[in-house]
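Below, each chain spelled out in residue letters.
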Amino acid sequence: MESSPSNNFLHRAAEKTGRTVIAGIEEAGTCGVILAQSFYWLFIGPRIRQPVRLNHVITQMVEIGLHAIFIMTIMGATIGVMLAIQGIYALRLFGAESRVVIGIALSTVREFGPLITAIMVAARSGSGLAARIGTMKINEELDALNVMGINPVRFLVVPALLAMVVMVPALTLLSIYVGLYSAGLYVQWELGMSMTAFTKDIINILSLDDLLHGLGKSLIFAVLIAVIGVVNGASVKGGAEGVGKVTTHAVVQSIAAIVITDMVFALVVTRL
Amino acid sequence: MTNQATKKKLQKERAKVIEVTDVVAHYGPRMVLKGVNISVHEGEIMVIMGRSGSGKSTLLRHMLALELPTSGAVKLLNQNVSAMGAEALFDLRRDIGVAFQSGALLSSLTVEQNIMLPLTEHAKLDRQTMEIMTRMKLEVVGLSKFGHLMPSQLSGGMLKRAALARAIVMDPKILFCDEPSSGLDPMTASALDELIIKLRDVLGMSVVVITHEVESAFNIADRIAVVDDGEIIFIGTVSEVKKHKSTYIQNLLNRSAEAGEIHPEEYLRRLTGDGSVKDLNL
């Protein structure tokens, strides 16, 4: 029986969807395997005389954290001022501008601080990680590590993962502090509220739970950025073009994963 | 007894350090190794030759256990790598050195740090001893003045020599070299050949060299294995290979293009893909 063009189209579409779903499941599985291997090398590695080198972790921390301080300060300040501007504008409709501090405090600590930091780190360091591992794969450097008896997960992935887990929450704290401070300056200028009053309000409004909510999310984002960067880098095919593609994929997937996780996290935590 | 017969007898007496038995490998549906059998003896230089795409590099990757065969077995130093756990395999790999075609030095480390890397990861030595050992290997490959440079600052020949230094820094029992002289000028290539022979003679290593450089192969080989289309079609000494009557081997040695005329109809069939030559109304 000959199939009609519309049947062919449906067949091809179903096949393409199937392949995409399978590839996605495969990629998620690889992420899980990489994560499990990272834990293995972190905790079992030292017992079999193959520890994770502290100097590699520090190098990564400098790259991911210290080198990002300037851009995170700028971003934090911009987000803080932007929230203040929008908050005052919206609340002015009800004549409640003075309540803007509540919105600024909660949205910076619980939402924008962790989110913007994670997106910046994904764009800056997640892409860098994918490009580095992709290039190493193409240049046979990963094979070289393997045949030298050096496990690439222990040598490359665990240091990056540990550095992310430490530096993303640290950068989030910086971003929150700078964001609140710059918002305070804007509120002082716009509404005439003193910095002391602004700070007191912030302290009264925020609880430890709010801070833990933000930092908890940033910890999950850190793991996502590292694992997605590594999996994309390791899946590179072709030459320089392939590295470019996986770098872009890593950034897109990381940001999508961060935003979706953010929503799920907020939903779960606020319902508990 | 002739020289060749003596050589063969000596090879039989030496222990086998690599044994590849009936190895079959696939890339997707395509069979890339078709039941390969090859063994390398202690202190022997085995050259694996063949044209591009013949399966040389795939065979090397299977010998290094970077890929596992569909069937068959690869034994390195009497241990079956296909059946080994990851930990045992990593231990075994400390007795193996590999100089990759591209050098594969880590671009974020200096040449000296690259060469010292296996020592820092595996040897329980103090820093000073490791530095001395590294400098010795740099001296062996003639790069003692370039240890502080980054890999990107080295020429092609220097990269290959640095890769060789890293491959031998742990004094491995087996050394693998993937295309050591490709892309090099004749003088540098010849110096690398001499270095490989010296490593075998002085350090007693068994060496496997993958190459399609005929001159280099003749200079260094104890035996040559010729690979074509995923199969080893001949293994023998240099003189045996030179005398072999196979057209493929002679073309390979004489750098001639493969002979063989294609019938016009067959050519068109290949182009059209479905064999519908008649549809073209020729």
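Engineer: For this particular structure, what's the right way to read the interface of chain B and chain A?
Structural biologist: Interfaces are often sized by the accessible area lost when the parts come together. With 23 residues of chain B at the contact, the number on the chain A side is 21 residues. Considering only the side of chain B, the residues that lose the most area to chain A are B:Phe90, B:Leu106 and B:Glu121, jointly responsible for 31% of the buried surface there. B:Glu121 serves as the salt-bridge partner of A:Arg154, at 2.7 Å between the closest nitrogen and oxygen. Applying the counting criterion to the chain B and chain A interface returns 9 residue pairs in polar contact (both at pLDDT 80 or more). Of all elements in the fold, only helix H3 (86-92), strand E6 (96-99) and helix H4 (111-122) of chain B reach the threshold of two or more residues within the side of chain B that touches chain A. A total of 5 residues in the side of chain B that touches chain A trace back to one element, the largest contributor, which is H4(B). A class-by-class count of the residues in the side of chain B that touches chain A yields 11 nonpolar, 5 polar and 7 charged.

Engineer: Looking at this model, I keep getting lost on the pattern of salt bridges. Mind explaining?
Structural biologist: Note on pairing: side chains with opposite charge can pair once their charged atoms come close. Evaluated as defined, the whole model comprises 22 salt bridges over all chains. B:Arg61 serves as the salt-bridge partner of A:Asp143, at 2.7 Å between the closest nitrogen and oxygen. In this pair, A:Asp143 is assigned in helix H5 (residues 141-147) and B:Arg61 in helix H2 (residues 56-63), connecting two distinct chains. Notably, a salt bridge pairs B:Arg51 with B:Asp228, separated by 3.3 Å at the nearest N-O pair. You can see B:Arg51 sitting in the loop between strand E3 (45-49) and H2 and its partner B:Asp228 sitting in strand E9 (residues 223-228), a full 177 residues away along the chain.

Engineer: I'm lost on unusual backbone geometry in this one. Help?
Structural biologist: Among all residues save glycine, negative phi is the norm, and among peptide bonds the norm is trans. Backbone geometry places A:Glu140, a non-glycine residue, at a positive phi of 65°. Here A:Glu140 lies in the loop between helix H4 (100-138) and H5. The phi angle at B:Asn78 is positive, at roughly 70°, despite the residue not being glycine. Looking at the element boundaries, B:Asn78 is found in the loop between strand E4 (71-76) and strand E5 (79-80).

Engineer: Looking at this structure, I do not really get helix H10 (residues 247-254) of chain B. What am I missing?
Structural biologist: Owing to its 3.6 residues per turn, the α-helix aligns residues three or four sequence positions apart on the same side. Residues and elements named next belong to chain B. By the burial criterion, the buried members of H10 are Tyr 248, Ile 249, Asn 251, Leu 252 and Leu 253. Considering only its buried residues, H10 is in contact with E3, helix H8 (214-220), E9, strand E10 (231-236) and helix H9 (238-243). Capping the start of H10, Ser 246 holds a side-chain oxygen 3.2 Å from the backbone nitrogen of Tyr 248, two or three residues further along. Directly after H10, the chain includes Arg 255, whose backbone phi takes a positive value near 55°.

Engineer: Honestly, helix H7 (residues 186-203) of chain B in this entry has me stumped. Any pointers?
Structural biologist: Under the 1.5 Å per step criterion, the end-to-end length of H7(B) is 25 Å for 18 residues, consistent within 8% with the ideal 26 Å. The N-capping residue of H7(B), defined by a side-chain oxygen 3.1 Å from the backbone nitrogen of B:Met187, is B:Asp185.

Engineer: Mind showing me how you'd approach the sheet that holds E3(B) here?
Structural biologist: Consider a sheet: its strands pair through backbone hydrogen bonds, and that pairing is either parallel or antiparallel. Residues and elements named next belong to chain B. With mixed pairing, 6 strands are arranged side by side in an open sheet as E6-E7-E8-E3-E9-E10. The open sheet has two free edges, formed respectively by E6 and E10, since each of these has just one partner strand. Shown here is a sheet whose adjacent strand axes are inclined to one another by a mean of 15°, direction ignored. Of the strand pairs in this sheet, E9 and E10 are connected by 5 bridges, and their pairing is antiparallel. Its bridge partner being in E10, Ile 224 is matched across the sheet by Gly 236. Across the sheet, helix H6 (residues 156-168) lies against E6 and strand E7 (174-178), angled at about 175° from E6, the strand it touches most.

Engineer: Just to check I follow, could you spell out the pairing of strand E8 (residues 206-211) of chain B for this structure?
Structural biologist: In the case of a regular strand, side chains alternate between the two sheet surfaces. Residues and elements named next belong to chain B. Burial analysis of E8 places 6 of its 6 residues in the buried class, which makes it a mostly covered element. What you see with E8 is no split at all: Ser 206, Val 208 and Ile 210 on one side and Val 207, Val 209 and Thr 211 on the other are buried throughout. In terms of strand pairing, E3 meets E8 through 5 bridges, oriented parallel. Among the inter-strand pairings, Val 47 is bridged to a residue of E8, identified as Val 209. Traced from E7 through H7 to E8, the parallel crossover comes out right-handed.

Criteria and cut-off values
Residues numbered from 1 in each chain as written. Chains lettered and ligands numbered in written order. Predicted model: local features only at pLDDT ≥ 70, side-chain atom pairs only at ≥ 80, totals over all residues. Heavy atoms only, no water. Contact = heavy atoms within 4.5 Å. Buried area = accessible area lost by both parts, 1.4 Å probe. Salt bridge = Lys/Arg side-chain N within 4 Å of Asp/Glu carboxyl O. Polar contact = N/O pair within 3.5 Å; in protein donor to acceptor, adjacent residues only side chain to side chain. Helix = DSSP H or I, 4+ residues; strand = E, 2+ residues; numbered from the N terminus. Nonpolar A, V, L, I, M, F, W, Y, C, P; charged D, E, K, R; others polar. Buried < 20%, exposed > 50% of the residue type's maximum accessible area, 1.4 Å probe, protein only. Expected span 1.5 Å × (residues − 1). Pairing = 2+ DSSP bridges. Axes fitted to C-alpha atoms, helices over the stretch in contact; angles between N-to-C directions. Right-handed = clockwise from strand over helix to strand, strands pointing away.

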